[in-house]
Number of protein chains: 4
Amino acid sequence: MPTTHHFRPTHYHHTIGSHEPVLTIADGDTVVTTTIDAFGRDEDDAQAAPRGNPMVGPFYVQGAEAGDGLAFHIERITPNRKVGRIFTALAANTVLPEYTGQLPERGEGEFRLDLDEGTATLIHPTTQLGTFSVPIQPMIGCFGVAPVRGQFISTLTSGEFGGNMDYRGFAAGVTVYFPVFMPGALVHLGDVHAWQADGEILGTGIEVSAEVQFSVRVLKSQKIGTVRGENETHIFTAGNARPLDQALQIATTEMDAWLRQAYGLDARSAGLLLGHYVQYEVGNVFDPAYTMICKLPKTALAAFRKV
Amino acid sequence: MPTTHHFRPTHYHHTIGSHEPVLTIADGDTVVTTTIDAFGRDEDDAQAAPRGNPMVGPFYVQGAEAGDGLAFHIERITPNRKVGRIFTALAANTVLPEYTGQLPERGEGEFRLDLDEGTATLIHPTTQLGTFSVPIQPMIGCFGVAPVRGQFISTLTSGEFGGNMDYRGFAAGVTVYFPVFMPGALVHLGDVHAWQADGEILGTGIEVSAEVQFSVRVLKSQKIGTVRGENETHIFTAGNARPLDQALQIATTEMDAWLRQAYGLDARSAGLLLGHYVQYEVGNVFDPAYTMICKLPKTALAAFRKV
Amino acid sequence: MPTTHHFRPTHYHHTIGSHEPVLTIADGDTVVTTTIDAFGRDEDDAQAAPRGNPMVGPFYVQGAEAGDGLAFHIERITPNRKVGRIFTALAANTVLPEYTGQLPERGEGEFRLDLDEGTATLIHPTTQLGTFSVPIQPMIGCFGVAPVRGQFISTLTSGEFGGNMDYRGFAAGVTVYFPVFMPGALVHLGDVHAWQADGEILGTGIEVSAEVQFSVRVLKSQKIGTVRGENETHIFTAGNARPLDQALQIATTEMDAWLRQAYGLDARSAGLLLGHYVQYEVGNVFDPAYTMICKLPKTALAAFRKV
Amino acid sequence: MPTTHHFRPTHYHHTIGSHEPVLTIADGDTVVTTTIDAFGRDEDDAQAAPRGNPMVGPFYVQGAEAGDGLAFHIERITPNRKVGRIFTALAANTVLPEYTGQLPERGEGEFRLDLDEGTATLIHPTTQLGTFSVPIQPMIGCFGVAPVRGQFISTLTSGEFGGNMDYRGFAAGVTVYFPVFMPGALVHLGDVHAWQADGEILGTGIEVSAEVQFSVRVLKSQKIGTVRGENETHIFTAGNARPLDQALQIATTEMDAWLRQAYGLDARSAGLLLGHYVQYEVGNVFDPAYTMICKLPKTALAAFRKV
């Protein structure tokens, strides 16, 4: 019977890789854990680890082996403190090279989170924006499984194993599908944002510590090339690379392959379905690898039976 | 008093440039014209011009001079025949290089348009998709003004003058803002799609001839760097370049400049506003220049007064 | 019998396109003409045209038709004044976005050319470089034929028709092969540099007016995809696009096709020959389209007979 | 006193990272070791490790700490068997997407090495190239130091720590400078090529096992951003990233910083020196990260004293 584990981390990792597991969980289990923010600060706003996307985990999922898929269902993301932090200037790489001189100095700013109201309000710096509030819509910025070849990869970047994708669609209710490369899959997570627009063009969302609840399922022998996901309305794939063109190629290729694999569509049919319904979203254009999302509305798929 | 011109083209251009005007119109005027499809076929499905995005125009707008802006309001786009044509395979550049061998041969396909029902149904080729219908949501694939320096630029590509952007957001109700480079602005248009998803990854939308109604306004001394637009809910900018990274840089730069210029925001404020609300959309990733859209919801702007 | 034309331009173009020819020449003829520099200054350092790569021409080559090739042989490039001008700072796009703040302001500088010694010496600005001299090795920065579709394209950029490639290999002794798109080919040239390193990373070479002597040959029905060339030691192709990756793809594709076409090599043989001997050079990484050169030493080709 | 170590590997790594050192060496020491080829085959052509650039090492260099530089001098690279292996078709990403269908199937081919003559001759497949021989000019395809953050990174890719750069300039006589990230630097090496052109566009050089002799020096507190090198005639930097544009930006930035740091040049002087003498070379355009080399001839530096 599925178990719900309550896990309290005592240390964090700045790479995603084949670290010593902190907990072994079974196929179907749920985990409730705390995460600290990208700056390494915890729910008391104390420095619990160095900056740079410290991760909780890894969680070892029994039965997960190389060649399987892992379904990671985000059940809940609850910020657990009142201060959220941001960078305060557009990242240099998001504007034309000759325009970078127009950007202000990058500093750090603060939002105050009202968790009852579900809003975050800019406290610092002072701007011309008046009272500047955004809704709290938490997402996980960085999470994934141990990469192929026993790699340990910085939590500043991403790949087909997941990582620092900074896509606002990784919110509660989403199921993410990772390829499994190493025994136990070895799930890492952290870097929650209370709010983020497309592209993470400031270089941050509103960075916050949180409580995260997720569950896992092992998909035996499920061939997955790179990160996939689904929510109530869409299925999607994530391409992580530079330039964005390549990220888009990865995401589109994965979606085309998924349509053929999951629905038994031939090449012509998969291409026409995709070509008439595809939507693209930009995860981040800040990290070393950019993230492009390729989405398909489930309504477009309703007519086709899964094989 | 503004006039409505009914214009019936007799010839077409395959470049956007300083061609002899076909009609002179006044600031504020409306034009109703027919357009032929990207393959050069007209409302009778007769070959009226060679393939490759033949354009109607140019329309000379009185009073428009280099350094002005031109507001081009799309009032109506009505497909005027029952057959729409497509390419039938994903374009090679939208998937990973090593996956191109998995793509089917590119052919041409046909949709039958039911203009009353507002749907288009795939007639050919035969696929596993069963009855495959999409809504008719017409857009202009290619339009713009004569480019800087007296250039004549192929209607297969795009730039800060507009051109072949293939963005599905260029639909009725949208106002597009072009920089004016040449006397009279010299408006060209064509390449209507009855439907297109993001990216134009097949290399076509559903290509169709149409009747288009638009109006123009001259914005004296309005400094515009590249294509801008707005609809009921958003303002947006279009970056046209390769790679997508550069298209995104162009669009983001233009939006940041627009926020400072139109709302008097300082660099810090503009960046924070943009950073927390930006949305990106992919116009096309098929043409020589790709198109990235940078959007901002008008709700995010409601608090700020235009200067 | 081939004629040598002495041509003295009276006006200049800032696009390459189907302008009115200034002179009609026969297949095999030679032209001696003056050119003005990229800033529009002539041999007396007088402003003869606006800045931005003003071109001499076009020269109409009798017998050249769309589908032919044009061999353009650079016989001599002789700077004809003593002052050469440069930009004085690395272009923003040649360094990492976060490093652009380290670059000095871009200004204009001057070299003094000693045409007898064959050296150019920096006069202004004052630097820590002491007496800073470079050899005079003249090249043509921008030249080409009227583009496909009747386009007129800015002399700031380039394409398969040539244009602003800013490759230091376009020097005396080189034969350049252009595809012919328009009747008469319509040859333009200008933008001579007395010296330039790879990449044109300052945004200029040492810009100078010059006397240029070239001859042309029509290659009937010679299928050329994009700019090709050869000198005493190498054959090469030029890919003009962004990003550099695409420029490299264009150049490599053209070279592979050339090997198959000219030497009758099958796909395997052409690929292996190219794969073991290819050399790449960077033309410019400053202009809207970058230029990548794909070279093959003639020694590698010596064993294979032209078909 | 410097020692020469003769090391015989017993196991290999497919990542570069903080593996258990196989040998501790002192600042100034020399190592003579064997390496196996990219396919994992040793001097007897026996499978000694799985495919994919298995590395020898790591070698722990006493005294090397994070923030130092490591000088790695390649003294000798001697292929130690007679068979070299290649891929036999251009990689899909090196040609235009729409041209990939023209490429032959990728297979493996063989060269026979004549170590006395210094030539390698194609044995298989049979081609139209007749007797196809290339000179043996050995280089190291993949080598580097343990990356920052304790990462373990696949030997198929590269970064500022080195890795799979596949640049033919990494030959005997070259000194390579790496930034040190981890205690002891942790040197890895392997993937020797008997011959390779620019770009590694087949996806291989002529892959061979070898005996390699190198020496190391610790450069205390020498600030290095990414891989640097020098040989008798040039200093150079290596940018490892995609697209090539970013690789070029990294390499150019590093060279500009180096000029300022090592020669005390101000921003203007460094930029002008670089702008007039820079040469670019393409390492590889096959691996996940491409490699661009930024070179400067030592003759151009002769006038400036190192600080």
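Everything here concerns the structure above.
If you're wondering where the values come from, they're calculated on a predicted model, not measured in any experiment. (Residues numbered from 1 in each chain as written. Chains lettered and ligands numbered in written order. Predicted model: local features only at pLDDT ≥ 70, side-chain atom pairs only at ≥ 80, totals over all residues.)

**Overview of the overall build of chain A**
Condition: The numbering of helices and of strands both runs from the N terminus, where a helix is a DSSP run of H or I of at least 4 residues and a strand a run of E of at least 2. Put simply, the radius of gyration uses C-alpha atoms, and a globule should come to 2.2 Å times the residue count raised to 0.38. Put plainly, a residue is buried at 20 or more neighbouring C-beta atoms within 10 Å of its own, exposed at 12 or fewer, and partly exposed in between, counting only other residues' C-beta atoms, which are placed from the backbone. Residues are scored as being in contact if the C-beta atoms we place from backbone atoms lie within 7 Å.
When its secondary structure is counted, chain A shows 3 helices and 21 strands. Whereas a compact globule of 307 residues would reach a radius of gyration of roughly 19 Å, chain A reaches 19 Å, a difference of no more than 12%. With respect to the principal axes defined by its C-alpha atoms, chain A has extents near 55 × 45 × 35 Å. Expressed as a percentage of its 307 residues, the buried residues of chain A come to 60%. Long-range contacts, defined as pairs at least 24 residues apart, comprise 73% of the intrachain contacts of chain A with a sequence gap of at least 6.

**Overview of the relation of the copies chain D and chain C**
In plain terms, the rule: Each copy is superposed on the other by least squares, with the fit set by C-alpha atoms of residues at a pLDDT of at least 70 in both.
Turning chain D through 180° and shifting it by 0.0 Å along the axis lays it on chain C, with an RMSD of 0.0 Å. Overall, the copies show the geometry of a two-fold rotation axis. In terms of proximity to the rotation axis, the leading residue of chain D is D:Leu244, whose C-alpha is 2.9 Å off the axis. The residues that chain D uses at the interface reappear at the interface of chain C in 100% of cases, marking a shared surface.

**Section: the interface of chain D and chain A**
Which entries qualify depends on this criterion: Ten residues, namely Ala, Val, Leu, Ile, Met, Phe, Trp, Tyr, Cys and Pro, are considered nonpolar, four, namely Asp, Glu, Lys and Arg, are considered charged, and the remaining ones, Gly among them, are considered polar.
The partner chain A presents 13 residues to the 13 residues of chain D that form the contact. Across the side of chain D that touches chain A, the residue classes break down as 4 nonpolar, 7 polar and 2 charged.

**A closer look at the sheet that holds strand 17 (residues 210-219) of chain C**
All names here are of chain C. As a reminder of what qualifies: Whether two strands pair comes down to DSSP finding at least two bridges between them. Axis geometry follows a simple rule: fit a line to the C-alpha atoms, using only the stretch in contact for helices, then measure angles between N-to-C directions, giving values from 0 to 180 degrees.
A sheet is described by the order of its strands in space; here 9 strands give the open sequence 1-4-17-6-15-18-19-21-20, paired in mixed fashion. The strands lining the two open edges of the sheet, one partner per strand, are strand 1 (4-7) and strand 20 (279-282). Going from strand to strand, the sheet's axes swing by 25° on average, the running direction of each strand aside. Sheet topology places strand 4 (residues 30-35) next to strand 17; 6 bridges connect them, and they run antiparallel. Considered in strand 17, the bridge of Thr33 is made with Val212. Each of strand 18 (228-230), strand 19 (234-241), strand 20 and strand 21 (290-297) touches helix 1 (residues 244-263); the most contacted strand, strand 19, lies at about 140° to it.

**Details of the interface of chain D and chain C**
In many reports, interface size means the accessible area that the parts give up when they come together. Each partner contributes to the interface: chain D provides 48 residues, whereas chain C provides 48 residues. Where the side of chain D that touches chain C is concerned, the elements lending two or more residues are helix 1 (244-263), helix 2 (267-277) and strand 20 (279-282) of chain D. Per-element tally for the side of chain D that touches chain C: the top contributor is helix 2 of chain D, with 10 residues. Here the side of chain D that touches chain C is built from residues that sort into 28 nonpolar, 15 polar and 5 charged.

**As for the packing of helix 1 (residues 244-263) of chain B against helix 2 (residues 267-277) of chain B**
Residues and elements named next belong to chain B. Quick note on the threshold: Should an angle fall under 35 degrees it is taken as roughly parallel, and over 145 as roughly antiparallel, whereas 65 to 115 is taken as roughly perpendicular and any remaining angle as oblique. Note on convention: near helix rotated counterclockwise from far helix by under a right angle means a left-handed crossing. Clockwise means right-handed.
Two elements in contact, helix 1 and helix 2, have axes separated by 9 Å at closest approach and are oriented at 125°. Here helix 1 is positioned oblique relative to helix 2, judged by the angle of their axes. With respect to the hand of their crossing, helix 1 and helix 2 are arranged in right-handed fashion. Contacts between helix 1 and helix 2 involve Met255, Asp256, Leu259 and Arg260 on the former and, on the latter, Ala270, Gly271, Leu273 and Leu274. Here the residues of the contact of helix 1 with helix 2 sort into 5 nonpolar, 1 polar and 2 charged.

**A look at helix 2 of chain B**
Here helix 2 of chain B lies mainly inside the structure; 9 of its 11 residues are buried. Taken together, the buried positions of helix 2 of chain B are occupied by B:Arg268, B:Ser269, B:Ala270, B:Gly271, B:Leu272, B:Leu273, B:Leu274, B:Gly275 and B:His276. Against the buried residues of helix 2 of chain B lie strand 10 (133-135) of chain A together with helix 1, strand 21 (290-297) and helix 3 (298-301) of chain B.

**Focus: the pairing of strand 17 (residues 210-219) of chain A**
All names here are of chain A. Here strand 17 shows one buried face, formed by Ala210, Val212, Phe214, Val216 and Val218, and one open face, formed by Glu211, Gln213, Ser215, Arg217 and Leu219. Across 10 bridges, strand 6 (residues 69-79) lies against strand 17 in antiparallel orientation. Among the inter-strand pairings, Ile74 is bridged to a residue of strand 17, identified as Phe214.

**As for the sheet that holds strand 14 (residues 162-164) of chain C**
All names here are of chain C. One open sheet holds the 6 strands; their spatial order is 3-5-16-11-14-13, and the pairing between them is mixed. For this open sheet the edge positions go to strand 3 (23-25) and strand 13 (158-159), each flanked by a neighbour on one side alone. In terms of strand pairing, strand 3 meets strand 5 (residues 56-61) through 3 bridges, oriented parallel. Bridging across to strand 5, Ile25 finds its partner in Val61.

**Structural notes on helix 1 of chain B**
All names here are of chain B. Here is the rule we go by: Every helix has an expected span of 1.5 Å times one less than the residues it contains.
Under the 1.5 Å per step criterion, the end-to-end length of helix 1 is 28 Å for 20 residues, consistent within 8% with the ideal 28 Å. Counting buried residues along helix 1, 15 of its 20 residues qualify, which places the element largely inside the surrounding structure. Downstream of helix 1 by a residue or two, Gly264 has a phi angle that is positive, lying close to 65°.

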